[in-house]
Amino acid sequence: MSESSNLIDDDFVDFSKLIDSAGKFEYEMPRWLLNDNIYDQEWLASKVAIDIDYYRKNKNKALKINFKRKISDVEYLTDANNEPLLKDIMHSLLYLDARGKITRPLRAKAILVAITDLIKHANEVRQKKSRLLVRGLDQIKLNELKDFIMDYNTQPHVFAAALKIIDLNYGSSSRIDWIKIKNELNLTTRSLMSLQHSLKKHYKSNPPKNDKSSYQEDHSVTKKWNQPNKVREFQPANTMDFDIDTDLQPSEKTISNIVSLLEAVYTARASQKYKFAHSPAALFSNGETLFDSMRQSIKTPIMPTSNYLHSISTSLKFARKYGYAIRQHLSVLAKNELKKVDNSDVYRSSSSLQEEVFKETPLPDVLKELNITSWCDDNLVCFSQFRREMSMAVAIRLYLASIYILVAGFVASRVTSMRSLKRNCFVQSPIDGLFDLVLRIPKTSERIELEDVHRPIPDLIFDYGLEFALLNNVLEERRGFIVDENEQFLFGGFLSHTSFKAYTSEFAQSRVTPLSNDYINGCLDLFADWSFSPVINGKRWYPRSHQYRRTFAVLYFNMTDNTGLEELSWFLGHADLEQTFHYAEVSPSSEWIDEAEVTIARIGSSLGKAILGDSSVTNIVNTARKKAKTSLVIEPLVRDLIDEHKKNTGETVRFHRIEGNAVFFYFQKKEAY
C-alpha cells in the first residue's frame, strides 16, 4: 500500500535526515552469537546446554534470530527505508546483552518479536487512517502502545461474532479463512491472534459436529508415528476445559511478559538514535491499569497419584524386562545389516534391505511379547493394531519414554536439565558407594551457562540408566559415528525415528544434539497409551516432564509430614523456601510462620545485627530498639509489634533465602496463598 497524501501534520518527518543521522555504534559480540558481522539480517545463536563450538561447525542447527520480519502489510524491517528502525533495534539488543540484561539468545529473539509486533500493530492502524508508517522508535505513540497491549484481550462480542461466522460458513475448524474473519470483524493482527487462541481452546473443549479435523477417538485413518501431529488414543485429561467467563481475558503472565519485553526496549534507549519514548512498566505496571481482570497464572497440573505410580511402575517393568534384549537385538540387526550391504551387488533402498534383515534375524523370545513385526513400519491404522504389532523403531520410542519417566520421576529435574543430561551422567560416589545423577542446571534463571550438580538416585535407576546409555552406543556405531560419551547426550538424536531408519553415516553429525521436547513428549504419549495408563472420565493423562517434577514435590512434602522442606528445596534447586512452598501447592504451616516471627524477634534483640526485611519488618525492629535498650525487653516487644501489624493489616510474615543462609523477611496478604 502506498502512503497516501491525505496525512495529518504531526506525522511528517524529514526522512532523509533520519537516514543520514543513523550513526554507527560499536559493541562487543555477544558470546552466544555466531555471526562475524553484527549487522547481518539473520543472527545465528547457540542454544542452552550445547557447547558453542558445535554450532560453529553446524550453523544450520543454530537458533535463528531473523530480522526480516513484517512491520506492515507490504514492508519488512530489513527494507532500506526502515534502516533507522533496524539499527536501533539491533543496537538495543547489543546494548542489553552488554549490560547483562540478555543472557540467553531466546530472550533477544523474544524482544525482537515483541517490538516488531508493536510496530506492525501501529502501522496497521495508521494504514487504515491513511497516515505515515512508523520510521523510528520515537514515532510510536502512547495510544498505539496501549491499544497493542489491550488487543491481547478478546472482546466477548468479537468472539460471539466469530463463532457465528464459523458456524455459518465453515464445516471444519481447519478450513477457517482467518484473513476473511480478520477483515470482516475489522481486527488487527494482534487481536486476531488473541481471537484464534480463544477459539482454538473453545473448539478443543467443544469440537464442532462432523468436524473431522477435531479429535476422533476412533483412529480410522492411517497415522504415522514419525509425524509432527500428536497421535493419542484418548483426549488429554491434563488440560482444562474452555470457560468463556475467564478464557477471553489475557493471562497475567502473558501481559507481564509483553510489558517486560517492551520495557527492555525502553531500558535500551541510550543506544537508540530515535528513542522509544514510553515505559510500559511505569505506565501499565503488569497490566492492572489496563484490564479490569486477567486470568491468573495456572500452575503445572499435578498428576493423579494413580497415574504417577502407574507410569513409574510400568517404566520400571519395561526397562527391566526389555531394555537389555532391545540393545542386544539391535546390535545383531546392525551387524547383519552391514553384512547385507557389503554383500549386495545391486543397490536397494535401505528400507527394503532393513526389512529383509529383520525377517532373517531371529527375534529374542522376550521381545516377542511386544509383538515386534518390522524394522521401522510407521503406519498406524488404530491402537488395537498398535498393540498387535509394532516396529523396532516404536520399541525404541517406548524404551526412551520409560527411562525418561524414571529419571523425571525420581530426580524431578527441569526440562532443560533433562534434555541436557550427558551419557556419563550416572555415577557412583567413591566415598559412600551410593549412586548419583549428574544434572546440568542454569547458574541462575537467566543464564545460558550451566553447572553440574549431583542428585541421589536408587541403584535400579543407575543400572537401567547405564544399560540405556549402551543402547546409544549401538545406534551410533551402526551409523559409523563414534563420539566421546562425555560430549554425547543421554536423550540424543541417534535415538530418533529418522536416524534409526537411516543407514549411512551421512548427516550423522547433525544427530549430536538433544531430542526436541516435541519428540520426547510424543514418546511419553505413546508410552501412556501402550501401558494403558488409567483413564479418567473417558480421558487419559498424558504427562509432561514438569508434571513429574511438581507431583514429586507434592508427594515428598506430604509424605514427610511437612518436615522435609529444606531437603526438597535443595533437591528441586529452588533459591528460597517460599518458592518450594508455592511449588508443593501448600501454604507455610503455622509452625514455620511462628519460627519466622521468633527469628525476627531474636535478630531484633541483637542490637549490633541488621535485619534483612521489607520496610514493615525493619520499622518494627527499629521501633522496638528505640523503645527499649536491653535484649530481654526488645525480643517480646518485637513479637507484640508483629502481632499488632498482623491485626491491623491482615498480613502475615513470609520469608525467603537470598544468599547462602541469609533470609529475607517480609509481610504479605494471606489471600495470596
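In this report, we go over the structure that sits alongside the text. For every chain, the first residue of its written sequence is number 1, and the numbers climb from 1 along that sequence. Only residues with pLDDT of at least 70 are given local features in this predicted model, and only at 80 or more are side-chain atom pairs given and counted; all residues enter the totals for whole chains, interfaces and linings. The basis for every side-chain value is the complete set of non-hydrogen atoms in the structure, without hydrogens or water.

## Concerning the packing of aromatic side chains
Here is step 1 of the chain: The pairing test for Phe, Tyr and Trp rings, Trp by its six-membered ring, is centres within 6.5 Å, and the orientation test on the planes gives stacked under 30 degrees, edge-to-face over 60, and tilted for anything in between. Taken as a whole and assessed by the stated rule, the structure comprises 13 aromatic pairs.
Here is step 2 of the chain: The interplanar angle of 75 degrees and the centroid separation of 6.1 Å between the aromatic rings of phenylalanine 318 and phenylalanine 527 together place this pair among those described as edge-to-face. Note that phenylalanine 318 is positioned in helix 11 (residues 305-343) and phenylalanine 527 in helix 19 (residues 517-530), a separation of 209 residues in sequence. Summarising the burial analysis for this pair, phenylalanine 318 and phenylalanine 527 share the class buried.
Here is step 3 of the chain: Arranged with centres 5.1 Å apart and planes meeting at 65 degrees, the rings of tyrosine 404 and phenylalanine 491 form a pair that is edge-to-face. Within this pair, whereas tyrosine 404 is found in helix 15 (residues 392-411), its partner phenylalanine 491 is found in the loop between helix 17 (459-478) and helix 18 (497-501), the two being separated by 87 residues in sequence. The same class applies to tyrosine 404 as to phenylalanine 491, namely buried.
Here is step 4 of the chain: Among the aromatic side chains, those forming a connected cluster through ring pairs are Phe318, Tyr322, Tyr399, Tyr404, Phe468, Phe491, Phe527 and Trp530. Each helix corresponds to a stretch of at least 4 residues labelled H or I by DSSP, and each strand to a stretch of at least 2 residues labelled E; elements are numbered beginning at the N terminus. The buried label applies to any residue whose accessible area, calculated with a 1.4 Å probe on protein chains only, is under 20% of its type's maximum; exposed applies above 50%, and partly exposed to all values in between.

## Some remarks on helix 6 (residues 156-169)
Here is step 1 of the chain: Expected helix span is taken as 1.5 Å per residue step, with the number of steps being one fewer than the number of residues. If you check helix 6, its first and last C-alpha atoms are 20 Å apart, about what 14 residues at 1.5 Å a residue would give, namely 20 Å.
Here is step 2 of the chain: Among the residues making up helix 6, those that are buried are Val158, Phe159, Ala162, Leu163, Ile165 and Ile166. The buried residues of helix 6 all sit within an arc of 165 degrees when viewed along its axis, so they share a single face. Exposed and oriented more than 90 degrees from the buried face of helix 6 are Pro156, His157, Lys164, Asp167 and Leu168.
Here is step 3 of the chain: Considering only its buried residues, helix 6 is in contact with helix 7 (178-184) and helix 8 (189-205). Note that the arc is computed from the directions linking the helix axis to the C-beta atoms. Every residue pair with non-hydrogen atoms within 4.5 Å of one another is taken to be in contact.

## With respect to the environment of serine 279
Here is step 1 of the chain: With respect to the helices, strands and loops of the structure, serine 279 is situated in the loop between helix 9 (252-267) and helix 10 (280-284).
Here is step 2 of the chain: Look at serine 279 and you get buried, because its relative accessible area is 10%.
Here is step 3 of the chain: In the structure, serine 279 is positioned 14 residues away from valine 265 in sequence and 8.8 Å away in space, judged by C-alpha atoms.
Here is step 4 of the chain: Among residues more than four places away in sequence, those in contact with serine 279 are Glu263 and Tyr266.

## Let's talk about the packing of helix 15 against helix 20 (residues 545-559)
Here is step 1 of the chain: Following both chains from N to C, one finds helix 15 and helix 20 inclined at 35 degrees, their axes separated by 8 Å at the closest point. Our pair here, helix 15 against helix 20, has a crossing hand that is right-handed. On helix 20, the residues that touch Tyr404, Ile405, Ala408, Gly409 and Phe410 of helix 15 are Ser545, Tyr548 and Phe552.
Here is step 2 of the chain: Across the contact of helix 15 with helix 20, the residue classes break down as 6 nonpolar, 2 polar and no charged. To get an axis, a line is fitted to the C-alpha atoms, and for a helix only the part in contact is used. The angle between two axes follows their N-to-C directions and goes from 0 to 180 degrees. Left-handed describes a crossing whose near helix is turned anticlockwise from the far helix by less than a right angle; the clockwise case is right-handed. Lys, Arg, Asp and Glu make up the charged group, whereas Ala, Val, Leu, Ile, Met, Phe, Trp, Tyr, Cys and Pro make up the nonpolar group; the residues left over, Gly among them, are polar.

## So, the environment of tyrosine 464
Here is step 1 of the chain: Its location among the elements puts tyrosine 464 in helix 17.
Here is step 2 of the chain: C-alpha of tyrosine 464 to C-alpha of tyrosine 324: the two residues are 140 residues apart in sequence and 8.9 Å apart in space.
Here is step 3 of the chain: Dropping the residues within four chain positions of it, tyrosine 464 is found in contact with Leu316, Ala319, Arg320, Tyr399, Ile403 and Leu406.

## Considering the nonpolar core
Here is step 1 of the chain: For our purposes a nonpolar core is just a set of buried Ala, Val, Leu, Ile, Met, Phe, Trp, Tyr and Cys residues, chained together by side-chain atoms within 4.5 Å. One finds Ile326 and Leu330 to be the most contacted residues of the largest nonpolar core, which totals 89 residues.
Here is step 2 of the chain: A per-element tally of this core places helix 15 first, with 16 residues.
Here is step 3 of the chain: Once residues within four sequence positions are removed from consideration, isoleucine 326 is found in contact with Phe318, Leu367, Met392, Ala395, Tyr399 and Leu471.
Here is step 4 of the chain: Counting 49 residues, the second-largest nonpolar core is a separate cluster that includes Trp43, Leu94, Leu96 and Tyr266.

## Here we look at the packing of helix 15 against helix 19
Here is step 1 of the chain: Two numbers describe how helix 15 lies on helix 19: the axes approach to 8 Å, and their chain directions differ by 95 degrees. Compared by their axis directions, helix 15 and helix 19 come out roughly perpendicular. Mapping the contact onto sequence places Val394, Arg397, Leu398, Leu400, Ala401, Ser402, Tyr404 and Ile405 in helix 15 and Tyr519, Ile520, Gly522, Cys523, Leu524, Leu526, Phe527 and Trp530 in helix 19.
Here is step 2 of the chain: Counted by class, the contact of helix 15 with helix 19 contains 13 nonpolar, 2 polar and 1 charged residues. Just so you know how the angles are binned, under 35 degrees is roughly parallel, over 145 roughly antiparallel, 65 to 115 roughly perpendicular, and the rest oblique.

## Brief notes about unusual backbone geometry
Working note: non-glycine residues mostly have negative phi, and peptide bonds are mostly trans.
Here is step 1 of the chain: Here the phi dihedral of serine 130 falls at roughly 55 degrees; this positive angle occurs in a residue that is not glycine.
Here is step 2 of the chain: Looking at the element boundaries, serine 130 is found in the loop between helix 4 (105-128) and helix 5 (142-150).
Here is step 3 of the chain: Positive phi, close to 50 degrees, is recorded for asparagine 537, a residue that is not glycine.
Here is step 4 of the chain: Relative to the helices and strands, asparagine 537 is located in the loop between strand 11 (535-536) and strand 12 (539-540).

## Some remarks on the sheet that holds strand 4 (residues 235-236)
Here is step 1 of the chain: One requirement defines pairing of two strands: DSSP has to find at least two bridges between them. With mixed pairing, the 3 strands of this open sheet are ordered in space as 4-12-11. Sheet topology places strand 4 and strand 11 at the edges, where each strand pairs with a single neighbour.
Here is step 2 of the chain: Pairing geometry for strand 11 and strand 12, over 2 bridges, is antiparallel. Across the sheet, residue valine 535 finds its bridge partner in strand 12, namely arginine 540.

## Side note on the pattern of salt bridges
Here is step 1 of the chain: By definition, a salt bridge exists where a carboxyl oxygen of Asp or Glu is found within 4 Å of a side-chain nitrogen of Lys or Arg. A full pass over the atoms with the stated rule returns 20 salt bridges.
Here is step 2 of the chain: With a shortest N-O distance of 3.0 Å, arginine 540 and glutamate 233 are connected by a salt bridge. A residue pair is termed long-range when its members are at least 10 positions apart, and arginine 540 in strand 12 and glutamate 233 in the loop between strand 3 (223-224) and strand 4 qualify at 307 residues.
Here is step 3 of the chain: Among the residues examined, arginine 540 registers a relative accessible area of 3% and is labelled buried.
Here is step 4 of the chain: Where glutamate 597 meets arginine 639, a salt bridge forms, and the shortest distance between an N and an O atom there is 3.4 Å.

## Structural notes on helix 9
Here is step 1 of the chain: The terminal C-alpha atoms of helix 9 lie 22 Å apart, and with 16 residues this matches the ideal 22 Å at 1.5 Å per residue to within 8%.
Here is step 2 of the chain: Of the surrounding secondary structure, the elements contacted by the buried residues of helix 9 are helix 3 (83-98), helix 4, helix 5 and helix 10.

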